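Structural overview for review
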Amino acid sequence: MATKEELQRRLQRILRWFLPVTIIMLISTVLSLVGVDSEPWFWTRSILFGIAAVVFCVQVIRFSLWQRDEYWREKGRDPKHPDRFPSRGTAD
């Protein structure tokens, strides 16, 4: 069973990756409002957003898979093969 500390640790890991994305978005918005819209800035911003989006999606997917595995462990089943029944010695 997942502990509250484990859940908080995983959520903090997601937020730790999301914080730089938020800061980049704020800086990008301010610079766009000021009028800094050069081509190098556009490509730099696009690359950073692409990297941040990929990293954030990977973290969210890992978190959701971890939740799925914890669900099956709580049910007493193998997370990799939940359709198989547990051995006769364990209760379902």
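In short, a report on the structure. The structure displayed is predicted, hence computed values, not measured ones.

1. With respect to the overall build of the protein chain
- Across its full length, the protein chain holds two helices and zero strands.
- Counting the 92 residues in the protein chain, one finds 16% classified as buried.
- Across the protein chain, every contact between residues at least 6 apart in sequence was considered, and the portion connecting residues at least 24 apart equals 56%.
- As displayed, the protein chain has an accessible area near 7300 Å², and 66% of this comes from carbon and sulfur atoms.

2. Some words on the packing of aromatic side chains
- Applying the stated rule across the entire model yields three aromatic pairs.
- A ring pair is formed by Phe 63 and Trp 66, whose centres lie 5.7 Å apart and whose planes are at 35°; its orientation type is tilted. With a gap of three residues between them, Phe 63 and Trp 66 both fall in helix H2 (residues 39-74), about one helical turn apart. Each member of the pair, Phe 63 together with Trp 66, is buried.

3. A look at the pattern of salt bridges
- Per the counting criterion, the structure on display carries two salt bridges.
- Note that Asp 69 is salt-bridged to Arg 68, the shortest N-O span being 3.2 Å.
- Taking relative accessible area as the criterion, Asp 69 reaches 11% and is therefore assigned buried.
- In this structure Arg 68 comes out as partly exposed when scored by relative accessible area, which is 39%.

4. Comments concerning the side chain of Asp 69
- Along the polypeptide, Asp 69 turns up in helix H2.
- With residues near it in sequence (within four places) discarded, Asp 69 still touches Pro 79 and Lys 80.

5. Some words on a nonpolar patch on the surface
- A cluster of nonpolar side chains, contributed by Leu 19, Ile 23 and Ile 27, occupies part of the molecular surface with about 280 Å² of accessible area.
- Considering the arrangement of structural elements, one finds Ile 27 in helix H1 (residues 4-34).
- Accessibility expressed as a relative area gives 42% for Ile 27, which makes it partly exposed.

6. Notes on the environment of Trp 72
- Mapping Trp 72 onto the fold places it in helix H2.
- When its relative accessible area of 23% is taken as the criterion, Trp 72 is described as partly exposed.
- In this structure, the C-alpha to C-alpha distance between Trp 72 and Pro 82, residues 10 residues apart in sequence, is 6.6 Å.
- Those residues in contact with Trp 72, other than ones at most four positions away along the chain, are Arg 77, Pro 79 and Pro 82.

Cut-offs applied
- Chains are numbered independently. Their residues run from 1 in the order of the written sequence.
- Only residues with pLDDT of at least 70 get local features here, since the model is predicted, and only at 80 or more are side-chain atom pairs given and counted; chain-wide, interface and lining totals rely on the full set of residues.
- Side-chain measures were taken over the full set of non-hydrogen atoms in the model, leaving aside hydrogen atoms and water.
- Strands are runs of DSSP state E lasting at least two residues, helices are runs of H or I lasting at least four, and both sets are numbered from the N terminus onward.
- Exposure classes here rest on a 1.4 Å probe applied to the protein chains alone. A residue is buried below 20% of its type maximum, exposed above 50%, and partly exposed in between.
- Here, two residues are considered to be in contact whenever any of their heavy atoms come within 4.5 Å of each other.
- Residue-level accessible areas treat just the shown protein chains as cover; the underlying method is Shrake-Rupley with a 1.4 Å probe.
- Pairing of aromatic rings covers Phe, Tyr and Trp, the last through its six-membered ring, and needs centres within 6.5 Å; plane angles under 30 degrees mean stacked, over 60 mean edge-to-face, and all others mean tilted.
- Between Lys or Arg on one side and Asp or Glu on the other, a salt bridge is scored when a side-chain nitrogen of the former is within 4 Å of a carboxyl oxygen of the latter.
- What goes into a patch is any residue over 30% in relative accessible area without a salt bridge, connected to like charges within 9 Å or, for nonpolar side chains (Val, Leu, Ile, Met, Phe, Trp, Tyr), within 5 Å.

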